[in-house]
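# Topology and contacts: notes
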Amino acid sequence: SWSSISASTVYRDRLTESRNVEARVLIQDWSLKLAAERPLFGWGYDSFDRAKNAARLSSGELPASVGIANTSHNSYLTILVEYGAVGLALLAIPWLLIPWRALRTAVREPPGMREPQSRWFVVGAVAALIIFVLSANTIDVKYFSFVPAVPWLLLGILRRPQLARR
């Protein structure tokens, strides 16, 4: 399959196009500058493109239209700009604590104990969450309706036994 994929014009055109990468780097730089202007609470709900386009930030050697015509391709930078450090922390805390506690419990419980979730499920759910976290660096998940719900469902499933133990 790889030979037919790499021979396709779409694949070759994407590899030789550097403008897309340059635009993403520019948007990333602009995002960090916008976040620095309002670090705690950000610019507000659904304000990324409005704030980016109104800021008149330097685009270096690229035309400013490259940055204005593109939107964020990084969920975390979008959250940082729109909701600030507080919003990013509110997102990150459950994503760090729930999988950590689930893995810790799965490792500590001896085999044969009545496990609320089997170890294979915990490892698979945490691996799926890691894949989502990594992919959210390259896409803005707010443009997808169902995809962002799946990892939150996994977090809820991992969290349920933690609540039952209390």
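Residues numbered from 1 in each chain as written. Predicted model: local features only at pLDDT ≥ 70, side-chain atom pairs only at ≥ 80, totals over all residues. Heavy atoms only, no water.

## Some remarks on the overall build of the chain
Just so we agree on the cut-off: Here a strand is any run of E in DSSP of at least two residues, a helix any run of H or I of at least four, and the numbering for each starts at the N terminus. Within these notes, the globule rule equals 2.2 Å times the number of residues to the 0.38 power, and the radius of gyration is based on C-alpha atoms. Summary of the burial criterion: residues with accessible area below 20% of their type's maximum are buried, those above 50% are exposed, and those between are partly exposed, where the area comes from a 1.4 Å probe applied to protein chains only. As used throughout, the charge tally considers Lys and Arg to be positive and Asp and Glu to be negative, leaving His and the chain termini uncounted. Think of each charge as sitting on NZ of Lys, CZ of Arg, CG of Asp or CD of Glu.
A count of helices and strands for the chain gives eight helices and zero strands. Reading the chain from its N terminus to its C terminus gives the helix and strand order α-α-α-α-α-α-α-α. Over its C-alpha atoms the chain spans a radius of gyration of 20 Å, topping by over 25% the 15 Å that the globule rule assigns to 166 residues. Once the C-alpha set of the chain is aligned to its principal axes, its extents read approximately 65 × 50 × 25 Å. For the chain, buried positions account for 33% of its 166 residues. Averaging the locations of the 19 positively and 12 negatively charged side chains of the chain gives two centres separated by 12 Å.

## What to know about a nonpolar patch on the surface
What counts, and what does not: Only residues whose relative accessible area exceeds 30% and that form no salt bridge enter a patch; like-charged residues are grouped when within 9 Å of one another, and nonpolar side chains (Val, Leu, Ile, Met, Phe, Trp, Tyr) when within 5 Å. Per-residue and other accessible areas follow the Shrake-Rupley method at a 1.4 Å probe size, with only the shown protein chains counted as cover for residues. Salt bridges are identified by distance alone: a Lys or Arg side-chain nitrogen within 4 Å of an Asp or Glu carboxyl oxygen.
A contiguous nonpolar surface patch, about 430 Å² in accessible area, is contributed by Leu 40, Phe 41, Val 86 and Leu 90. Residue position: Leu 90 is located in helix H6 (residues 75-108). Among the residues examined, Leu 90 registers a relative accessible area of 62% and is labelled exposed.

## A closer look at the environment of Ser 75
We apply this condition: Whenever a nitrogen or oxygen atom comes within 3.5 Å of another N or O atom, the pair is scored as a polar contact, on the condition that within protein one atom can donate a hydrogen and the other can accept it, and that pairs from neighbouring residues in sequence are kept only if both atoms are in side chains.
Tracing the sequence through the fold places Ser 75 in helix H6. Taking C-alpha positions, Ser 75 is 9.9 Å from Tyr 143, a pair spaced 68 residues apart along the chain. There is a polar contact of 2.9 Å between the side chain of Ser 75 and the backbone oxygen of Ile 139.

## A word on the nonpolar core
Short version of the rule: Throughout this description, the term nonpolar core refers to a set of buried Ala, Val, Leu, Ile, Met, Phe, Trp, Tyr and Cys residues connected via side-chain atoms within 4.5 Å.
One finds Trp 95, Val 122, Leu 129, Leu 155 and Leu 158 to be the most contacted residues of the largest nonpolar core, which totals 16 residues. Those elements that provide at least two residues to this core are H6, helix H7 (119-135) and helix H8 (149-164). Considering each element in turn, this core owes the most residues, six residues, to H6. Judged by nonpolar contacts, the second largest core, of nine residues, contains Trp 30, Leu 34, Leu 57 and Leu 62.

## Quick word on the packing of helix H3 (residues 19-37) against H6
Keep this limit in mind: What counts as an axis is a line fitted to C-alpha atoms, over the stretch in contact for a helix, and the angles between N-to-C directions run from 0 to 180 degrees. Reported orientations rely on four angle classes, namely roughly parallel under 35 degrees, roughly antiparallel over 145, roughly perpendicular from 65 to 115, and oblique for the rest. Crossing handedness: left-handed means the near helix sits turned counterclockwise from the far one by under a right angle, and right-handed means the same turn made clockwise. Only heavy atoms matter for contacts: two residues are in contact if any of them lie within 4.5 Å across the pair. Each residue is assigned to one class: nonpolar for Ala, Val, Leu, Ile, Met, Phe, Trp, Tyr, Cys and Pro, charged for Asp, Glu, Lys and Arg, and polar for all the others, Gly among them.
One way to put it is that H3 packs onto H6 with a least axis distance of 8 Å and a crossing angle of 30°. When the axes of H3 and H6 are compared, the pair comes out roughly parallel. When the axes of H3 and H6 are compared, the crossing they make is left-handed. Contact residues: Gln 28, Ser 31, Leu 32, Leu 34 and Ala 35 in H3; Leu 77, Leu 80 and Val 81 in H6. The residue inventory of the contact of H3 with H6, partitioned by class, reads six nonpolar, two polar and no charged.

## Description of the layout of surface pockets
This is how the line gets drawn: Residues are called lining when one of their atoms sits within 4 Å of a cavity or pocket point, these points coming from a 1 Å grid over the protein atoms alone, where a cavity is a set in which a 1.4 Å probe fits but cannot get out and a pocket is an open set with protein on both sides within 12 Å along at least five of seven lines. Grid points are joined across faces, edges and corners, and a volume is the space filled by probe spheres set on the points.
If you add up the space inside the largest pocket, you get close to 560 Å³. Lining the largest pocket are 26 residues, and of these Ser 75, Tyr 76, Ile 79, Leu 91 and Trp 95 lie nearest its centre. Elements that contribute at least two residues to the lining of the largest pocket include exactly H6 and H7. Sorting elements by how many residues they give to the lining of the largest pocket places H6 first, with 13 residues. For the lining of the largest pocket, the residue count by class is 20 nonpolar, two polar and four charged.

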